[in-house]
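These are the residues of each chain, in order.
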Amino acid sequence: MTTKDRVSLLLVGFGIWAAATLAYRQVGSIFFEQSVMEYWLNVASTGGLYTLVFVGLMRWRRIEAKDWLQGAICIALPGMLGEIPILAGFAGLMSNMHPATAGRYAAFLFSGYSILLGFAWFRAVRGVGLLTSERLH
């Protein structure tokens, strides 16, 4: 993976985080303050969407599977760091949601980043052949 790829993915990660945070600031109560079933549907569908977007970006940039974990970190890190002040000041910054919703929102974020990083780790390990039986013995 080139430095240009890393910088591009960091910028994409920042852009995705900023757009999603602004969207959730406006309509977050629809996603996080409805029924438990709707919340989990949001968690699952967003995790799937993260993965599809990630695969598309990696293929578009022609990044080898062995570098996918590095790419996922570049995409996830801006959002993970950006959410620190958002969660710390949740009541004021995400004013369309009840302060008690911060836990659901944080769990949602944790699940999305975990799905993305876990998928990328699996693909990277598979890409360098560490999951084959001859490497495990």
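The structure we're discussing is the one just above.
The structure presented is a predicted model; accordingly, all values stated were derived computationally and were not measured.

**Q** Got a minute to help me understand the environment of Leu-116 in this structure?
**A** Among the structural elements, Leu-116 can be located in helix α5 (residues 102-127). The exposure class of Leu-116 is buried, given its relative accessible area of 4%. Once the C-alpha coordinates of Leu-116 and Gln-34 are considered, the two residues, 82 residues apart in sequence, prove to be 25 Å apart. If near-sequence neighbours (up to four positions away) are discounted, Leu-116 is found in contact with Tyr-50, Phe-54, Ala-72, Ile-75 and Ala-76.

**Q** What is the right way to read the environment of Gly-79 from this model?
**A** Position of Gly-79 among the secondary structure elements: in helix α3 (residues 68-88). Assessed through its relative accessible area of 1%, Gly-79 is described here as buried. Along the primary structure Gly-79 and Leu-10 are separated by 69 residues, whereas in three dimensions their C-alpha atoms are 9.5 Å apart. For Gly-79, the contacting residues outside a window of four places in its chain are Trp-17 and Tyr-113.

**Q** What should I look at first to understand unusual backbone geometry in this one?
**A** Where the residue is not glycine, phi is negative for most of them; where a peptide bond is considered, it is trans in most cases. Backbone geometry at Arg-62 places phi at a positive 55°, although glycine is not the residue there. Along the polypeptide, Arg-62 turns up in the loop between α2 (36-60) and α3. Residue Arg-62 is classed as exposed on the basis of its relative accessible area, which comes to 75%.

**Q** Looking at this structure, how should I read the packing of helix α1 (residues 3-32) against α3?
**A** Two quantities define a packed helix pair, namely the angle between the axes and the distance from one axis to the other. Here α1 crosses α3 at 40°, and the two axes come no closer than 8 Å. Classified by the interaxial angle, the pair formed by α1 and α3 is oblique. Judged by the sense of rotation from one axis to the other, the crossing of α1 with α3 is right-handed. Across the interface between the two elements, Arg-6, Leu-9, Leu-10, Gly-13, Phe-14, Trp-17 and Thr-21 of α1 pack against Gln-70, Gly-71, Cys-74, Ile-75, Pro-78, Gly-79, Gly-82, Glu-83 and Ile-86 of α3. Its residues placed into classes, the contact of α1 with α3 shows eight nonpolar, six polar and two charged.

**Q** Help me understand the pattern of salt bridges, please; the structure alone is not making it clear to me.
**A** What the rule picks out here adds up to two salt bridges. Taking the shortest distance from any N to any O, the salt bridge between Arg-61 and Asp-5 comes out at 2.7 Å. With Arg-61 in the loop between α2 and α3 and Asp-5 in helix α1, this residue pair connects regions lying 56 residues apart in the sequence.

Thresholds, definitions, all that
- Residues numbered from 1 in each chain as written.
- Predicted model: local features only at pLDDT ≥ 70, side-chain atom pairs only at ≥ 80, totals over all residues.
- Heavy atoms only, no water.
- Helix = DSSP H or I, 4+ residues; strand = E, 2+ residues; numbered from the N terminus.
- Buried < 20%, exposed > 50% of the residue type's maximum accessible area, 1.4 Å probe, protein only.
- Contact = heavy atoms within 4.5 Å.
- Axes fitted to C-alpha atoms, helices over the stretch in contact; angles between N-to-C directions.
- Parallel < 35°, antiparallel > 145°, perpendicular 65-115°, else oblique.
- Left-handed = near helix turned anticlockwise from the far one by under 90°.
- Nonpolar A, V, L, I, M, F, W, Y, C, P; charged D, E, K, R; others polar.
- Salt bridge = Lys/Arg side-chain N within 4 Å of Asp/Glu carboxyl O.

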